[in-house]
Structure formats: C-alpha cells, structure tokens
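Residues per chain, in single letters:
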Amino acid sequence: MEAKLRIARRASATTEQKKSSWVRQLWDRRWCYLFAAPSLILATMFTFYPIVSSWYFSLLQWSGFTADKTFVGLANYAELIQDKYFWDAFLRSFQFMIVAVPIQLILALLIAIVLNDQALKLSPLFRTMIFLPVVTTAAIVGMLMTLILSPFNGPINGVLRDLHLITQPIDFLGDPQTTLWTVIAVFIWKWLGQPMIYWLAALQTIPRELYEAAKVDGAGWWRQLWNITLPLIVPFAIVIILVTAVGALHVFPLIQTLTGGGPFFATEVMEVYIYRVAFGGETGMGTPRLGYASAAGVFFGVAVMILALFQAWGARSLRDFRSDLQSV
C-alpha cells in the first residue's frame, strides 16, 4: 500500500513538473506568440473561417442573400458531377496551368541566367523592368491589355498591319479560337518577374568557385549549365514549380477584366465559374447559388491540394535521392 502511494505521489510530481515546465516555456516565449497573434487572427478571419464555411455552405441549397437555407446533404456535389460547364471550367483551369507554367518557368530561368552574369552592368535595371508588371494590379493590366489588343485601333494590330503580317485586324480577345491563348500570353508576361526572382535567388547560392574551376578544366557555357547550374538548383525548382503552378490556378482578376470568362465561356476557368454561379446564376441573370458554388470551390480546392501533395512528395523523394547519392 505504501509503495503504491509513493508511485502515485511520484507520478503526480512528474505531472506537475511537466505542467510547470510547459507554462514556463510558454511564458518565456510570450513575445513570440504576441507578435504572431495578429497574423493568426487575420489568417483565422480571412483564410480558415472561409474554408470551413464553404464546406458547410456546400451542403446547403442557399442563394447567400436570404435567411432561407435548406440542408440538401451531398446533392450539390451530385449535381456538380453532371454539370458540363463545371467540367469544362475545371479542365480549362488545368489546361491553362499546363501551358503557362512550363513556358513561364523556362523563360524566367533563361532570363535569370543572363541577368545573373556579373559582367552585365545594367542587370538591376532589367530586373526592375521585368518585375514591374508583377507589382502592378491585375485589374489595371487587364484593362490596359484590352485596349492594346483591341481590333479597333489597338497598337498590336497596327504594328502587325504595318509589317504586312496581317490584312485584317485580329480580335485577340473576341475570337474563341484565340482568346484563351491570348490570356495565357498576358498572364506569362505579367507574372514572369516572380519566378525570375526565385531563379536568381537560387542561382546566387551556387559558389562562384565551381564555375571558375570548370573554366580552368575547359568547360564551356553549356557544360557549366548542364553539370553545375541545373543540378544545384533542382531542390529550389520543386518549390518554384509548386508556387508558380498554384499561382496559375488563381487568375480570376486578370481573366475577369480581360474577357469576363467569354466569349462563349472560352476563358471561363474555375474561379470565374464559381463567381458566376455564386453571384449571377447559370445565365448571369438567374438566382445566385452560393451553396452550389461552394461545392464547386471545395471540389476544386481538394484537387489543388492533391496536386500540391504530389509535388511535395516529389520534392521529398528527390531530396532523399540526392542524400543517397551523396552518401555513396
């Protein structure tokens, strides 16, 4: 009996000691938590709460503008699976990403390699010029490009006519055959500076001594790129691809100002589709369906999350592979 009491007292003392240690650690780091609190509050208000709410709303038949809500379970998801416009927008979003991201990343890498050359004295100026569209509001870029690409006295059509490349103006944003490719080109131009900065940061982690040693051994520019630059920036490439790919799936302000999803739904990606269903109905003039739009948003969000998990798995596998190679 006495032994059991001693064990109980010892367990109680250990618990109190752990609790005291936890409270002490919390108190010692109080300034860290205090400075992190505003970010946590904002993230809760504008990120976590909308995510949780959209899951709940997706189970309702609700316009979003009245108090009349009807719980319908998974009926919105069942309807979504049979919605042709939803699948068109869903596939168009990934088509947009698959075309835009490789072109953007390759162009940004080539520009970054050129601008990383210390012999180029005007490199900071070129970096600023290329990065300038990134900090420009997407809505302003969209409105400006609408004027530049206009078939009525737009400067692009004027230049093409002056060069005798075309005889009739091209309606870049009004022709269903050209509008999606035009939007992709504008997107690549606007966001080209962002991956360029990422690539520059990755390139500047490579020691200059490696290139100098390679030059002494007679390696040219191509061999230096293939044997030094590319292998050493691969770990950064996974993260850059992930960030750029996710960014290519969030193009609502640019497309909304350029085409509004038209003509004839030719540029309607998922974000534009969700906006149209949530606030304008299927025809743009019908009853808003916030519950149905939330179901579409949840479905799309899960798809993007799966894509991010695949890329994270790929990054981890690549890191393990490199570790195995270094240990051999």
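Residues numbered from 1 in each chain as written. Predicted model: local features only at pLDDT ≥ 70, side-chain atom pairs only at ≥ 80, totals over all residues. Heavy atoms only, no water.

For the rest of this paragraph, the subject is the overall build of the protein chain. Broken down by element type, the protein chain carries 14 helices and two strands. When the 328 residues of the protein chain are sorted by exposure, 34% land in the buried category. Look at the contacts in the protein chain between residues 6 or more apart in sequence, and 65% of them connect residues 24 or more apart. Summed over all atoms, the accessible surface of the protein chain reaches about 20700 Å², with 70% contributed by carbon and sulfur. (Helix = DSSP H or I, 4+ residues; strand = E, 2+ residues; numbered from the N terminus. Buried < 20%, exposed > 50% of the residue type's maximum accessible area, 1.4 Å probe, protein only. Contact = heavy atoms within 4.5 Å. Areas by Shrake-Rupley, 256 points an atom, 1.4 Å probe, with all protein chains shown as cover.)

In this structure, the largest pocket occupies an estimated 550 Å³ of space. Lining the largest pocket we find 20 residues, and of these Ile51, Ser54, Gly297, Val298 and Gly301 sit closest to its centre. With ten residues, helix α14 (residues 290-327) is the single largest residue contributor to the lining of the largest pocket. Partitioning the lining of the largest pocket into residue classes produces 14 nonpolar, five polar and one charged. One number sums up the size of the second largest pocket: a volume of about 340 Å³. Considering the residues around the second largest pocket, the lining is formed by Ile113, Val114, Asn116, Asp117, Leu203, Arg208, Tyr211, Lys215, Trp221, Gln224, Leu225 and Thr229. A total of four residues in the lining of the second largest pocket trace back to one element, the largest contributor, which is helix α11 (residues 221-248). Here the residues of the lining of the second largest pocket are counted per class, giving six nonpolar, three polar and three charged. (1 Å grid on protein atoms, 1.4 Å probe; cavity = no way out; pocket = protein on both sides within 12 Å on 5 of 7 lines; lining within 4 Å. Points joined across faces, edges and corners; volume = space filled by probe spheres on them. Nonpolar A, V, L, I, M, F, W, Y, C, P; charged D, E, K, R; others polar.)

Counting through the fold element by element, Asn157 comes out in helix α7 (residues 155-162). A relative accessible area of 0% means that Asn157 is categorised as buried. Polar contacts involving the side chain of Asn157 include one to the main-chain carbonyl oxygen of Ser150, which spans 3.2 Å. Discounting residues that sit within four places of it in the chain, Asn157 has contacts with Leu149, Ser150, Pro151, Ile166, Pro169, Ile170 and Phe172. (Polar contact = N/O pair within 3.5 Å; in protein donor to acceptor, adjacent residues only side chain to side chain.)

Moving on, we come to the environment of Ile233. Within the secondary structure, Ile233 sits in helix α11. Spatially, the C-alpha atom of Ile233 lies 9.8 Å from that of Gln204, the residues being 29 residues apart in sequence.

Next up on the list: the packing of aromatic side chains. Tallied over the entire structure, the rule returns 19 aromatic pairs. Ring plane angle 55° and centroid distance 5.0 Å describe the contact between Tyr85 and Phe265, whose orientation is recorded as tilted. Within this pair, whereas Tyr85 is found in helix α4 (residues 84-115), its partner Phe265 is found in the loop between α12 (252-258) and α13 (270-279), the two being separated by 180 residues in sequence. The partly exposed category is assigned to Phe265, whose relative accessible area is 32%. Here Phe86 and Trp87 contribute two aromatic rings whose centre-to-centre distance is 5.0 Å and whose plane-to-plane angle is 70°, an arrangement assigned as edge-to-face. Grouped by ring-pair contacts, the aromatic residues Phe86, Trp87, Phe90, Phe94, Tyr273, Phe299 and Phe300 constitute a single cluster. The ring of Tyr85 carries Lys84 above its face, with NZ or CZ at 5.7 Å from the centroid. The cationic tip of Lys190 hangs over the ring face of Trp191; the distance from NZ or CZ to the ring centre is 3.9 Å. (Phe/Tyr/Trp six-rings, centres within 6.5 Å; stacked < 30°, edge-to-face > 60°. Lys NZ or Arg CZ within 6 Å of the ring centre and 35° of its normal.)

Scanning the model with the defined rule gives three salt bridges in all. Taking the shortest distance from any N to any O, the salt bridge between Arg289 and Glu79 comes out at 3.0 Å. Note that Arg289 is positioned in the loop between α13 and α14 and Glu79 in helix α3 (residues 75-81), a separation of 210 residues in sequence. Close ionic contact of Asp88 with Lys84 constitutes a salt bridge, the shortest N to O distance being 2.7 Å. In this pair, Asp88 and Lys84 are both assigned in helix α4, four residues apart and thus about one turn of the helix distant. Owing to a relative accessible area of 28%, Asp88 belongs among the partly exposed residues under this scheme. (Salt bridge = Lys/Arg side-chain N within 4 Å of Asp/Glu carboxyl O.)

What sets the pattern is the α-helix's 3.6 residues per turn: residues three or four places apart point alike. For α11, which comprises 28 residues, the first-to-last C-alpha distance of 32 Å sits more than 12% below the rise-based estimate of 40 Å (1.5 Å per residue). Taking the largest bend as the criterion, α11 deviates by roughly 55°, centred on Val234, and proline Pro235 comes between one and four positions later. (Expected span 1.5 Å × (residues − 1). Bend = angle between axes of the 7 residues up to and from the residue.)

Moving on to the nonpolar core. Ranked by internal contacts, the top residues of the largest apolar core, which has 68 residues, are Phe94, Phe96, Met97, Phe187, Trp199, Met270 and Tyr273. Per-element tally for this core: the top contributor is α4, with 14 residues. Residue contacts for Tyr273: discarding those within four places in its chain leaves Leu80, Asp83, Tyr85, Phe86, Ala89, Glu268, Tyr292 and Ala296. (Core = buried A, V, L, I, M, F, W, Y, C linked by side-chain atoms within 4.5 Å.)

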